[in-house]
Amino acid sequence: MSRYIKTMTQVNLLNLTKRYPNQPAPVLKDFSLCVENGELVALLGPSGSGKSTLLKLITGIERPDAGDVQFDSVSILTLPPSQRGAVFMFQKSYLFPFLSVEENIGFGLKVKRAPRDEICREVGRMLDLIGLPGIEKRKPSQLSGGEQQRVALARALVTRPKLLLLDEPLSSLDTEVRLNLQEAIRVIQRELGITTILVTHDLGEAMAMSDRMALLLKGEIVAAGKPEALFHRPPSLAAAQFMGVSTFLNGRKAAGSLVTPWGALQITCVETSPSTTYAIRPEHIRLEKEPATNALPGKVTDCVFRGEYIEYQVAMGGLSVRARMPMPAPTFPHGEPVFVKLPREQLFEVAG
Amino acid sequence: MPDNDKRYTEHAENTEKHGKQKRKIHAIPLLPCFPCTNYFFRLLLYPLLAAPLGVFILYAFSQGWFFPAPFPETWTSAPFARVLSDPRTLSSLRDSLLIAFAVSLLSLVIGYPAARALGLRQFRGRQVVWLLLYLPTVVPPLAIGMGLNILFLQIGLAGTIPGIVLAHLVPTLPYVTFTLAGAFARYDEAYEFQAWVLGASASRTLFTVTLPMLAPSLAVAALFAFLISWSQYLLTLLIGSGRVITLPVLLFSAASGGNPVTIAALALVFLAPPALVIATTIRAPRDLSHNL
């Protein structure tokens, strides 16, 4: 792969706004994001959050109402899609069914009038890269879903694009194939050092593949940062919900503790705002038989065995708390009164 | 309409998924009283359909077939050869082919953008456009032909082949547009997006991606246009003003002339191109059909 010329591209999305006719709310509102050279940024958001629209704006299939798309500080908005050098890969492979694997991968080079022997060489190299050598002559219909996606990736990369856009590329695949491909894409992306934007609604996929993550809700970035940071300390309520946090405790702060309707809890950080919301990840909650510090009384209402952990639902006043206890975990029968221990150092404050 | 389209797509997917089961359902006989009903049904139906053709062949390849004789006395290709070598037949055959091919091509060129818009886009007045496209199939061709004739006389298109081609577009365009709109409703534009971002220009994408993807439907649409134009008598007669003699016009005049041998031979010539086109395209869609 040493002969692959690394393309250096920093992508800047500036204040992008897009509104479709007959829709009251804009799909994207003043959206700004900077993707560094060689970085993989994941955009995580539910359907309808404007993720796919963003990719269409970057590739030039749609035009933004306002804002700018810059590659290395140069605006590309005036360029047609064919000259932007941003390629994408969708949930469906969209391989041209009437062309062989070889012709599909070579499509981008053939369009650029590359000599035949170069196309042949590059196609061979790409097939090696995606781990499927020797399938040149096959038709897309003869490939499995995972193989089709690999070929689609090869077809996108053979043109040495400046930017790779992945639009839920793995969501139609089986778990095992998906995990394999996640890894393969990540390895290839690192190896080629290609700037990449991944759009997904799968938290696990976003965390496993990205250098940086941005949470997208209704066309706006709710939070952005390293996957670990966002996972452990999501800054806002919306971000925390995204990251799988379901326990939120409203209360009043008083001298190093949080006074909630269910009891007082010790907290670490002390800030000025008197009434606030604290959150805790489900895997940090412990269930105890005996009263302890930072433990509130509750009653087990549900229990689901998940293999690596047991998931309990505990009713605490009007609040339902989800706790994930790693195996081996103590078993609590349905209706058992328990104490919900919320470790002081794991409670974190979230903004409205 | 969007709901209809959706249902159509879902149906297509279902058919794909349960293809085998669907095919089995097709094999159930039409009248399931006895196991062999279907067989007898075909035994009656096929001769009924083939009978007129058989009579034509008997007439065109024989001589001296008179009333009491059950079959012709001598078998010869002479009458057929005579009709075929007649310059009037040849020139009408040439004109008919020319007109039908031109109409097919023009119908595709005009019908394609309309079908694309109707199949892929939602816009105000979509229903009105559908209705307008349906109109030629409802309005009597005589009314269309008369109106066009007056117009074409003024602008000098009456009695010319271009004039006839334009007139033939009136009945062919609805069929071509409907066929292609159906294909577009099942089509996914993302294939084109892929081609664009890989560096293909809009025109290159059209010829290397869109048209090959739609090839089966384009073939069916062109076939419709060809057959409708080929068998068009009234519009050709009205617009051609007797100056352009196509095969149907010639066949009609022969039919009123009353020589059964000439009629039979001309009818066979008239039948040949459509039969040939159908025979070749009947297999083509199967070869061209992809897992869309």
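Cut-offs used in this document
Residues numbered from 1 in each chain as written. Chains lettered and ligands numbered in written order. Predicted model: local features only at pLDDT ≥ 70, side-chain atom pairs only at ≥ 80, totals over all residues. Heavy atoms only, no water. Helix = DSSP H or I, 4+ residues; strand = E, 2+ residues; numbered from the N terminus. Buried < 20%, exposed > 50% of the residue type's maximum accessible area, 1.4 Å probe, protein only. Areas by Shrake-Rupley, 256 points an atom, 1.4 Å probe, with all protein chains shown as cover. Pairing = 2+ DSSP bridges. Contact = heavy atoms within 4.5 Å. Axes fitted to C-alpha atoms, helices over the stretch in contact; angles between N-to-C directions. Lys, Arg positive; Asp, Glu negative; His and termini not counted. Salt bridge = Lys/Arg side-chain N within 4 Å of Asp/Glu carboxyl O. Buried area = accessible area lost by both parts, 1.4 Å probe. Polar contact = N/O pair within 3.5 Å; in protein donor to acceptor, adjacent residues only side chain to side chain. pLDDT = per-residue confidence, 0-100.

Caption draft 1: Highlighting the overall build of chain B. For chain B, the count of helices and strands is 14 helices and 2 strands. Looking at the 292 residues of chain B, the share that counts as buried comes to 39%. Entry remark: accessible area of chain B is about 16,700 Å², with carbon and sulfur atoms responsible for 71%.

Caption draft 2: Highlighting the sheet that holds strand β2 (residues 28-35) of chain A. Residues and elements named next belong to chain A. Read from one edge of the open sheet, 4 strands run β2-β1-β4-β5, paired in antiparallel fashion. Among the strands making up the open sheet, the edge pair consists of β2 and β5 (74-75). Pairing analysis gives 5 bridges linking strand β1 (residues 11-18) to strand β4 (residues 66-71), with the strands arranged antiparallel. What sits directly across from Leu14, in β4, is Asp68. Against the sheet, helix α1 (residues 51-59) touches β1, β2 and β4, its axis set at about 115 degrees to β1.

Caption draft 3: View of the environment of A:Lys253. With respect to the helices and strands, the residue A:Lys253 is situated in strand β11 (residues 247-254). Taking relative accessible area as the criterion, A:Lys253 reaches 13% and is therefore assigned buried.

Caption draft 4: Spotlight on helix α2 (residues 101-111) of chain A. Among the 11 residues of α2(A), 8 are classified as buried, and the element is accordingly described as predominantly covered. Here α2(A) has its buried residues at A:Val101, A:Asn104, A:Ile105, A:Gly106, A:Phe107, A:Gly108, A:Leu109 and A:Val111. Along its buried surface, α2(A) packs onto α3 (116-129) and α4 (145-157) of chain A together with α9 (190-197) and α10 (202-230) of chain B. A:Arg113, located one to two residues past α2(A), shows a positive phi value of around 55 degrees.

Caption draft 5: Representation of the sheet that holds strand β8 (residues 195-200) of chain A. Residues and elements named next belong to chain A. Read across the open sheet, the 6 strands follow the order β6-β7-β8-β3-β9-β10; overall the sheet is mixed. Each of the sheet's edge strands pairs with one partner strand only, and the pair in question is β6 (86-89) and β10 (220-225). Averaged over all pairs of adjacent strands, the angle between their axes in this sheet comes to 20 degrees, without regard to strand direction. One ladder, built from 5 bridges, connects strand β7 (residues 163-167) with β8; its direction is parallel. Counted as the bridge partner of Asp167 is Val199 from β8. Along the sheet face, α1 touches β3 (40-44), β6, β7, β8 and β9 (212-217) and points at about 155 degrees away from the line of β7.

Caption draft 6: Fine view of the side chain of A:Asp167. All names here are of chain A. With respect to the helices, strands and loops of the structure, Asp167 is situated in strand β7. The buried charged residue Asp167 lacks any salt bridge, with Lys51 as its nearest oppositely charged partner at 6.3 Å. Among residues more than four places away in sequence, those in contact with Asp167 are Ser52, Leu55, Met89, Phe90, Gln91 and Val199.

Caption draft 7: Molecular detail of the interface of chain B and chain A. Every contact between the two is made by 19 residues of chain B and, on the other side, 27 residues of chain A. It is B:Gln194, B:Val197 and B:Leu198 that lose the most area in chain B upon contact with chain A, and together they represent 34% of the buried surface on that side. Inspection of the chain B/chain A interface yields 0 salt bridges. At the boundary of chain B with chain A, the tally comes to 2 residue pairs in polar contact (both at pLDDT 80 or more). Elements that contribute at least two residues to the side of chain B that touches chain A include exactly α9 and α10 of chain B.

Caption draft 8: Representation of the confidence of the model for chain B. Residue and element names in this part refer to chain B. Across chain B, pLDDT averages 81, with 82% of residues at or above 70. This stretch, residues 1-27, has a pLDDT under 50; its non-local contacts, to residues over four places away or in other chains, come to 16 contacts. Note that pLDDT drops below 50 for residues 287-292; the model gives that stretch 14 contacts with residues more than four away or on any other chain. As scored by the predictor, the complex reaches a pTM of 0.78 and an ipTM of 0.81.

Caption draft 9: Representation of the side chain of A:Glu311 within the structure. All names here are of chain A. Within the secondary structure, Glu311 sits in strand β17 (residues 309-316). In this structure the side chain of Glu311 is engaged in a polar contact, spanning 2.9 Å, whose partner is the side chain of Arg324. Those residues in contact with Glu311, other than ones at most four positions away along the chain, are Asp302, Cys303, Val304, Arg306, Arg322, Ala323 and Arg324.

Caption draft 10: Representation of the environment of A:His201 in the model. All names here are of chain A. Topologically, His201 is positioned in the loop between β8 and α6 (203-209). Taking C-alpha positions, His201 is 37 Å from Cys120, a pair spaced 81 residues apart along the chain. Beyond its immediate sequence surroundings of up to four residues, His201 is in contact with Leu44, Gly45, Lys51, Glu168 and Ser171. A polar atom in the side chain of His201 sits 2.9 Å from the side chain of Glu168.

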